[in-house]
Amino acid sequence: MILAMSLVVALAPLPPVEPSAIAPSPVTALETQAQDAPTPAGTPQPSPRPERTAPQRGDAPAPGARPTPPSTTPTPPRPRAPMPEPEPDEDGMIDAPPPLEVDPPVLDFGFIAPRQQVTGKVKLWNRGRNPVRIIAVQPSCKCTTTNDVTDQDIAPGEFVELEAGLDAANSPQPRKAVIKILADKYQRVLEFDVRGEVAYPLRAQPGTFNIVRGQEQSGRVLIESIDKKPFRICNVHGEAPQYVNFDPTSGEPQSQYLIAWDLKKYGDAPPHYWLIETDHPDCPLLPVRIRHESTIPRPVFRMKDYAMNLGRMDPNSSVEAEILIEDPGEPILTVTSASDRARAEMIRTEVVDGWLHLRVRITPRKDLEGVFDFPLVIYSPTKDMEIPAFGVIRSSDAGCRAS
């Protein structure tokens with residue numbers, strides 16, 4: 001995720017304070033450098049949650065209300081008492097964060113398409129008695145960047161408008177970054193969150209089947225369309241889906257389905273993903289990650305995504321895909337398939353902003369049809385790493401059926 005921010009100084013009278021209407025979004029706990037492997041591209045995330053959008057300020061007028069005529073004189077700002085602050089120490093330093101109010105307090109982009117870039121703004125109001133000088137803005141991780149905003153001054157009762165851009169990357173999952181603001185003479189930083197949920201038009205809830213350390217190996221999962229448009233599930237890992245309270249032979253397509261899953265038959269060697277083929281034009285293959293001792297990746301390279309979703313492919317065709325690796329410090333020599341189900345070849349590499357863009361061509365075996373998966377192996381001079389890859393092979397007029 002790349003966070004691009006621009007800071008524009010704009011002086012304005014103190015406006016009335018409005019409460020934020022932003023609902024918190026869940027953030028998954030991470031346990032390895034790979035952050036326990038993000039869910040791969042093609043996954044959008046039991047009870048449905050209301051669709052979230054970018055925050056909107058202001059309220060619509062009540063039905064039947066008479067419109068308010070425009071005023072010829074500006075409305076005076078409502079007085080606001082300054083924030084209390086500790087007294088400076090003998091060195092003039094204040095043991096507190098700067099008296100800045102972030103409006104809105106959380107920048108929530110709602111649902112974001114993979115690799116889409118979105119922007120939003122917050123206002124940093126100076127609620128103190130003295131001018132505040134910003135000396136640094138620091139993101140919480142290497143995947144975000146900020147522009148140079150040192151020596152920006154905010155007078156009491158005025159604000160700086162902060163524009164934040166979020167690069168959603170390619171992994172459907174909740175995303176969160178913390179922006180830290182350091183001001184002159186204040187010993188503590190001010191923090192606020194930037195959030196979004198990277199999702200395709202379809203998502204699974206839960207988005208991961210957690211079967212580590214003897215956890216239950218069966219359950220139910222909700223598959224739904226974020227835009228509420230109907231779709232059909234063609235098959236689940238090559239088999240007919242086990243619907244709960246739905247008959248596909250008589251029922252019309254729906255925008256969500258509750259289906260049962262059972263992984264006991266795989267024993268100690270489950271697949272990395274439970275692959276769901278659908279007839280949705282923008283999400284033909286929905287992978288649900290299976291978290292098991294044997295499927296947790298051991299990163300050799302730090303990557304944007306630890307799996308490759310090829311989506312729908314025509315029979316007897318090839319597809320190109322890109323792998324992003326944080327600069328490995330040595331060249332990538334080749335990429336191969338560890339299965340006869342597909343052939344892989346490296347096309348080119350390019351380093352951009354510290355990330356190695358590895359372009360790969362995948363050619364499935366000619367007799368394959370339906371959902372398929374295979375291990376993809378990346379080699380450098382001193383190390384190698386295997387990641388799962390998968391796709392679905394169907395002609396455009398094949399319809400929706402089990403593999």
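What you see is a predicted model, and the numbers here were worked out from it, not measured in a lab. (Residues numbered from 1 in each chain as written. Predicted model: local features only at pLDDT ≥ 70, side-chain atom pairs only at ≥ 80, totals over all residues. Heavy atoms only, no water.)

## A closer look at the overall build of the protein chain
Helices and strands together make up the secondary structure of the protein chain, namely zero helices and 24 strands. For the protein chain, with 403 residues in total, the buried portion stands at 45%. (Helix = DSSP H or I, 4+ residues; strand = E, 2+ residues; numbered from the N terminus. Buried < 20%, exposed > 50% of the residue type's maximum accessible area, 1.4 Å probe, protein only.)

## Points about the sheet that holds strand S18 (residues 308–313)
Reading across the sheet, the four strands line up as S18-S24-S23-S20 and stay open at both edges, with mixed pairing between neighbours. Of all strands in the sheet, those bounded by a partner on one side alone are S18 and strand S20 (334–337). Strand-to-strand twist of the sheet, defined as the mean angle between neighbouring strand axes without regard to direction, takes the value 25°. The sheet contact formed by S18 and strand S24 (residues 384–393) spans four bridges and is parallel. Note on S24: the bridge partner recorded for Asn-309 is Phe-390. (Pairing = 2+ DSSP bridges. Axes fitted to C-alpha atoms, helices over the stretch in contact; angles between N-to-C directions.)

## Quick notes on the nonpolar core
Grouped together as the largest cluster of nonpolar side chains are 28 residues, with contacts concentrated most on Phe-109, Val-122, Leu-124, Ile-134, Ile-181 and Phe-192. The set of elements that each furnish at least two residues to this core consists of strand S2 (100–103), strand S3 (106–112), strand S4 (117–126), strand S5 (132–139), strand S7 (159–167), strand S8 (173–183) and strand S9 (190–198). Residue contacts for Leu-124: discarding those within four places in its chain leaves Glu-101, Val-102, Ile-134, Ile-154, Glu-158, Phe-159, Val-160, Leu-162 and Ile-181. Of all hydrophobic cores here, the second largest spans 26 residues; its members include Met-303, Met-313, Ile-332 and Leu-358. (Core = buried A, V, L, I, M, F, W, Y, C linked by side-chain atoms within 4.5 Å. Contact = heavy atoms within 4.5 Å.)

## Focus: the pairing of strand S12 (residues 218–225)
As paired elements, strand S10 (residues 202–205) and S12 share four bridges and run antiparallel to each other. Within S12, the residue paired with Gln-205 across the bridge is Leu-222. In this sheet, strand S15 (residues 256–262) lies alongside S12 in antiparallel orientation, the contact comprising seven bridges. Bridged to Gly-219 within S15 is Trp-261.

## Remarks on the confidence of the model for the protein chain
Close inspection of predicted coordinates is inappropriate for parts of the model with low pLDDT. Within the protein chain, residue pLDDT values average 80, and 77% of them lie at 70 or more. Note on residues 1–78: pLDDT is under 50 here. Beyond four places in sequence and across chains, it has 185 contacts. (pLDDT = per-residue confidence, 0-100.)

## Structural notes on the pairing of S15
Burial along S15 is one-sided: Tyr-257, Ile-259 and Trp-261 are buried, and none of Gln-256, Leu-258, Ala-260 and Asp-262, which face the opposite way, are. Where strand S14 (residues 242–243) lies against S15, two bridges are found, and the strand directions are antiparallel. Counterpart to Gln-242 in the pairing with S15 is Ala-260.

## Here we look at the environment of Val-288
By the secondary structure assignment, Val-288 is in strand S17 (residues 285–291). Of the residues examined, Val-288 reaches a relative accessible area of 0% and is grouped as buried. Put simply, Val-288 and Gln-205 are 83 residues apart on the chain and 9.2 Å apart in space, counted from C-alpha to C-alpha. In contact with Val-288, other than residues within four places in its own chain, are Ala-204, Pro-206, Gly-207, Thr-208, Phe-209, His-272, Tyr-273, Trp-274 and Ile-276.

## What about the packing of aromatic side chains?
Inspection of every chain in the model, using the stated rule, returns nine aromatic pairs. Ring plane angle 70° and centroid distance 5.1 Å describe the contact between Tyr-243 and Phe-246, whose orientation is recorded as edge-to-face. Of the residues examined, Phe-246 reaches a relative accessible area of 17% and is grouped as buried. Judged by centre distance (5.2 Å) and plane angle (65°), the ring pair of Phe-246 and Tyr-257 falls under edge-to-face. With Phe-246 in the loop between S14 and S15 and Tyr-257 in strand S15, this pair connects stretches of sequence that are eleven residues apart. Tyr-257 gets classed as buried once you look at its relative accessible area, which sits at 3%. One Lys or Arg, Lys-123, reaches over the ring of Phe-159 and ends 4.7 Å from the middle of that ring. (Phe/Tyr/Trp six-rings, centres within 6.5 Å; stacked < 30°, edge-to-face > 60°. Lys NZ or Arg CZ within 6 Å of the ring centre and 35° of its normal.)

## Things to note about the sheet that holds strand S19 (residues 319–326)
Strand order in the open sheet formed by three strands is S19-S22-S21, and the pairing between neighbours is antiparallel. For this open sheet the edge positions go to S19 and strand S21 (342–352), each flanked by a neighbour on one side alone. Averaged over all pairs of adjacent strands, the angle between their axes in this sheet comes to 25°, without regard to strand direction. Across eight bridges, the pairing between S19 and strand S22 (residues 355–364) is antiparallel. Note that in S22 the partner of Glu-326 across the bridge is Trp-355.

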